[in-house]
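Remarks on the overall topology
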Amino acid sequence: MLISREFFARPSVEVAPDLLGRVLEHETADGVVAVELTEVEAYAGRSDPASHAYRGKTQRNAVMFGPPGHAYVYFTYGMHFCVNMVCLGEEGSASAVLLRAGAITAGEDLARARRTRSENRLAPRDLARGPARLCQALAIDRSQDGADVCVASSPLRMLGAAGNPARSGTVLARGDDPPRPPRRILTGPRVGVSSAAEIPWRFWYDGDPTVSVYRPHVPRRPKLVTP
DNA sequence: ATGAAGATTGCCT
DNA sequence: GGCAATCTTCATG
């Protein structure tokens, strides 16, 4: 079941905890990989010093200023991609939710192949444990920037989870997972942000092994040049 | 034009 | 726990 655009047309702080347990699916020529979200972070946009949208609209963050239900993908540290879901706060607020981690629910072999660097076999919990790892497992890059996740024809789409309220009471088809019991959601400071670090806008499933480890922001030392 | 910092990760000691 | 990798974006001169 596809998630509606109205779902995303709320402040990101409301959307973020609601995204836990939802499934992001990406279909490419190689196949489908899906991830059930276990950790997210809300960014408020223009009013949030930690948001990429804080200083206004640029070429990079333009999608965040557009309609909700689209993917904002950015490139960082010269090698990593991270994906957000655009939400709606106040008009033009450019709020979004960063997808930080999840559990692979489909296409595990393909996800592992994309994530594998060395000979070591990655454990399932490590396939999408962290925002850049999640993108790598799903093969998300800047070409998915602006993708609409609310239409069935999109290669990148957001689905409701098995056992979510919309499906309770329906007869499960053979092979479907049974509904799961509700899970406790914890909240705390966002990972690696230098400003507004005290605001608890990170949400995750208590005790879930796929949730990334918390790290406070640490400024990197300037490159040292010795003549 | 130039430089510093970054919503991170993996490998090293 | 420390640090390098790697490059885009943004701010400043």
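This text gives an overview of the structure that appears in the document. No experiment lies behind these values; they were computed from the predicted model shown.

1. Brief notes about the protein's contact with DNA strand C
Taken together, Arg55, Thr58, Phe75, Tyr77, Gly78, Met79, Arg220 and Arg221 make up the full set of residues adjacent to DNA strand C. Each atom of DNA strand C within 4 Å of the protein was classed as base or backbone; sugar and phosphate made up 59%. Interatomic distance of 2.5 Å between a side-chain N/O atom of Thr58 and a phosphate oxygen of DNA strand C. For the surface near DNA strand C, the per-class residue count stands at three nonpolar, two polar and three charged.

2. Remarks on the protein's contact with DNA strand B
Around DNA strand B lies a shell of 21 residues, among which His52, Tyr74, Asn84, Arg133 and Arg220 are the nearest. Each atom of DNA strand B within 4 Å of the protein was classed as base or backbone; sugar and phosphate made up 49%. Interatomic distance of 2.8 Å between a side-chain N/O atom of Arg115 and a phosphate oxygen of DNA strand B. Here the element with the most residues in the surface near DNA strand B is helix H4 (residues 131-138); it accounts for three residues. When grouped by side-chain class, the residues that make up the surface near DNA strand B number eight nonpolar, eight polar and five charged.

3. A word on the packing of aromatic side chains
Overall, the coordinates contain three aromatic pairs when judged by the stated rule. Ring centres of Phe75 and Phe81 lie 4.9 Å apart, and the angle between their planes is 45°; on these two criteria the pair is classed as tilted. Taking the relative accessible area as the measure of exposure, Phe81 reaches 23% and is therefore partly exposed. The positively charged end of Arg10 is found above the aromatic ring belonging to Phe7, 4.9 Å away from the centroid.

4. Some words on the nonpolar core
Phe8, Leu19, Met85, Leu99 and Met158 are the most contacted members of the largest nonpolar core, which has 36 residues in total. Looking at this core, the element that brings in the most residues is strand E2 (residues 31-43), giving five residues. Those residues in contact with Leu99 that lie beyond four places of it in its chain are Leu19, Leu24, Leu37, Glu39, Val40, Val83, Met85, Pro131, Leu134 and Met158. One finds Tyr72, Cys82, Ala96 and Leu98 within the second-largest nonpolar core, a separate group that totals 13 residues.

5. Overview of the packing of helix H3 (residues 108-115) against H4
Where H3 meets H4, the axes come as close as 7 Å, and the angle between the chain directions of the two elements is 115°. Seen along the crossing, H3 lies across H4 with a hand that is right-handed. Contacts between H3 and H4 involve Ala111, Arg114 and Arg115 from the first element and Arg133, Gln136, Ala137 and Leu138 from the second.

The rules behind each value
Residues numbered from 1 in each chain as written. Chains lettered and ligands numbered in written order. Predicted model: local features only at pLDDT ≥ 70, side-chain atom pairs only at ≥ 80, totals over all residues. Heavy atoms only, no water. Near = heavy atom within 4 Å. Polar contact = N/O pair within 3.5 Å; in protein donor to acceptor, adjacent residues only side chain to side chain. Nonpolar A, V, L, I, M, F, W, Y, C, P; charged D, E, K, R; others polar. Helix = DSSP H or I, 4+ residues; strand = E, 2+ residues; numbered from the N terminus. Phe/Tyr/Trp six-rings, centres within 6.5 Å; stacked < 30°, edge-to-face > 60°. Buried < 20%, exposed > 50% of the residue type's maximum accessible area, 1.4 Å probe, protein only. Lys NZ or Arg CZ within 6 Å of the ring centre and 35° of its normal. Core = buried A, V, L, I, M, F, W, Y, C linked by side-chain atoms within 4.5 Å. Contact = heavy atoms within 4.5 Å. Axes fitted to C-alpha atoms, helices over the stretch in contact; angles between N-to-C directions. Left-handed = near helix turned anticlockwise from the far one by under 90°.

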